[in-house]
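Chain and residue survey
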Amino acid sequence: MQRLTIRRPDDWHLHLRDGAMLRAMAPESARHFGRAIIMPNLVPPVVTGAQAAAYRDRILAALPDDADFTPLMTLYLTEDTDPDDVASAADAGIVTAVKLYPAGATTNSASGVRDFDKVRGVLERMAEIGLPLCVHGEVVDADIDIFDREAVFIDRVLDPLRRATPGLRVVMEHITTRQGVDYARAGGPDLGATITTHHLVINRNAILVGGIKPHYYCLPVAKREEHRLALRAAATSGDAAFFLGTDSAPHSDPAKEQACGCAGCFTATNTLSILAEVFEQEDALDRLESFASLNGPAFYRLPVNEATVTLQKGEPVVYPVKIASGEGPVTVFDPMMPLHWRVM
Ligand SMILES: NC(=O)N[C@@H](CC(=O)O)C(=O)O
Ligand SMILES: [Zn+2]
Ligand SMILES: [Zn+2]
């Protein structure tokens, strides 16, 4: 196959940031994606419906005039979140999901949840109204090895939480393990999982072999090769539980290249070419549309995009190494392989 036309994809997990970084990043996602679930981990976080509406306006203002891109907003769940505010923001169409960060698990998660009993009321209301909960699934206990934090979270937190809140619709965000794949696959129609572009490409060697490579460091951290293979099998299977969430997470180069560098891989710019390469390697190009354009809207009960995008195979496509932003350059994820699929 030399040409592939699919429905315009969506990104079901995206960090656009704010201010000068937002202005640089919005066009990168709007170029190829129709919609994106916008993560609320700003400083301070997006916790109320009013803040989500204001952030949506800032995103819309940062888009190029001819953009065909709809930001789908999320609220950052805190122990003080008001169930009525969540319900009215959902009812007004301002928010599409609520995001759960265990406190301390990742970038800007300090306001996240420590005591799950304190958010029980919000979760029950969300189950009633069918509003999805997007979950950063890692425990933060110091005695749990960082490579085990996702698997332990599933057993100790996610599974009990889902059993305690029947009907709650959950997206396991950026799964990185075989255990995550297995749990999502068996979870029924109220459970979905996003998979990032970079976790389909790298295993933990990318971060550590031949020197420490900060641009491959993200959370959840990339795992062993067996887990990458499980993610590739899941993404290319066509199973409706799995859909694209790039977790494209820009940080300026100075913020990443330092003694304590930030977590996040920036993939918005070249994701579609990378995915086409990965799906071709897995002999699954015919399932790229399910993963990138169909399964996500089905989970979120939204229509699929009417527009299409065409990819064409040819000489390797060269993407910029860095995207300039008012906060400094942002390095584009290097997949360490030639990309033969160009987005037309
Ligand atoms: N994925 C990351 O490594 N970083 C994300 C936060 C997150 O999604 O956990 C960020 O906001 O930078
Ligand atoms: Zn996360
Ligand atoms: Zn993220």
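Residues numbered from 1 in each chain as written. Chains lettered and ligands numbered in written order. Predicted model: local features only at pLDDT ≥ 70, side-chain atom pairs only at ≥ 80, totals over all residues. Heavy atoms only, no water.

What follows covers the pairing of strand 5 (residues 95-100). The buried fraction of strand 5 amounts to six of the six residues, a majority that puts the element mostly inside the structure. When strand 4 (residues 70-76) meets strand 5, the two strands line up parallel, connected through four bridges. Counted as the bridge partner of methionine 73 is valine 95 from strand 5. (Buried < 20%, exposed > 50% of the residue type's maximum accessible area, 1.4 Å probe, protein only. Helix = DSSP H or I, 4+ residues; strand = E, 2+ residues; numbered from the N terminus. Pairing = 2+ DSSP bridges.)

Strand order in this open sheet of three strands is 1-10-13, and the pairing throughout is antiparallel. Two strands bound the open sheet, and with one partner strand each, they are strand 1 (3-7) and strand 13 (341-343). On average, each strand axis in the sheet is tilted by 25 degrees relative to the strand beside it, whichever way the strands run. Two strands pair when backbone bridges link them, and strand 10 (residues 308-313) and strand 13 are joined in this way by three bridges, in the antiparallel orientation. Each bridged residue has a counterpart across the sheet, and for glutamine 312 the counterpart in strand 13 is arginine 342. Packing of helix 11 (residues 271-281) onto the sheet brings it into contact with strand 10 and strand 13, and relative to strand 13 it is tilted by some 145 degrees. Strand contacts of helix 12 (residues 288-300): strand 1 and strand 10, with the helix running at about 25 degrees to strand 1, the strand carrying the most contacts. (Axes fitted to C-alpha atoms, helices over the stretch in contact; angles between N-to-C directions. Contact = heavy atoms within 4.5 Å.)

Relative to the helices and strands, serine 252 resides in the loop between strand 9 (242-244) and helix 10 (253-256). With residues up to four places along the chain from it excluded, the contact list for serine 252 reads Met21, Glu327, Gly328, Pro329 and Val330.

Ligand 1 sits among 15 residues. The nearest are Arg17, Asn41, Thr106, Leu219 and Asp247. Contact distances for ligand 1 include 3.1 Å between an oxygen atom and a side-chain N or O atom of threonine 107. The contact in question runs from an oxygen atom of ligand 1 to an N or O atom on the side chain of histidine 136, over 3.1 Å. Within the complex, the protein chains bury 100% of what would otherwise be the 320 Å² of accessible surface of ligand 1. (Near = heavy atom within 4 Å. Polar contact = N/O pair within 3.5 Å; in protein donor to acceptor, adjacent residues only side chain to side chain. Areas by Shrake-Rupley, 256 points an atom, 1.4 Å probe, with all protein chains shown as cover.)

Looking at the zinc ion (ligand 2), one finds its protein donor set to be His136 (ND1) and His174 (NE2), positioned 2.0 to 2.1 Å from the metal centre. For the zinc ion (ligand 2), the four donor atoms are set out with angles of 53 to 148 degrees between them, so the coordination reads as irregular. The metal-metal distance between the zinc ion (ligand 2) and the zinc ion (ligand 3) is 3.8 Å. Here the residue histidine 136 occupies a position in the loop between strand 6 (133-135) and helix 5 (149-164), and histidine 174 occupies one in the loop between strand 7 (170-172) and helix 6 (178-185), the gap between them amounting to 38 residues. The class for histidine 136 is buried, based on a relative accessible area of 1%. Among the residues examined, histidine 174 registers a relative accessible area of 2% and is labelled buried. (Donors = N, O, S within 2.8 Å, 3.2 Å for Na, K, Ca; no water. Tetrahedral: all angles 85-135°; square planar, octahedral: opposite > 155°, others 65-115°.)

It is worth spelling out the coordination of the zinc ion (ligand 3) at this point. The zinc ion (ligand 3) binds to the protein through His13 (NE2), His15 (NE2) and Asp247 (OD), with metal-donor distances spanning 2.0 Å. Coordination at the zinc ion (ligand 3) is tetrahedral: its four donor atoms span angles of 94 to 134 degrees at the metal. Along the chain, the residues donating to the zinc ion (ligand 3) are arranged with the sequence spacing H-x1-H-x231-D.

A few words now on the UniProt feature "binding site: substrate" (unreviewed entry) in the protein. UniProt records the feature "binding site: substrate" (unreviewed entry) at His15, Leu16, Arg17, Asn41, His136, Leu219, His251 and Ala263, using the numbering of this structure. Mapped onto the fold, histidine 15 is located in the loop between strand 2 (11-14) and helix 1 (19-30). Classification of histidine 15 by relative accessible area gives buried; the value is 8%. When near neighbours in sequence (up to four residues on either side) are disregarded, histidine 15 contacts Met39, Asn41, Tyr101, Asp247, Ser248, Ala249 and Pro250. Only 3.2 Å separates the side chain of histidine 15 from the side chain of histidine 13, close enough to count as a polar contact. Excluding residues that lie within four positions of it along the chain, histidine 136 makes contacts with Lys99, Leu100, Tyr101, Pro102, Ala105, Thr106, Phe153, His174, Leu219 and Pro220. One polar contact links histidine 136 to glutamate 138, side chain to side chain, over a distance of 2.8 Å. (UniProt positions renumbered as here; feature names shortened; annotations may be inferred.)

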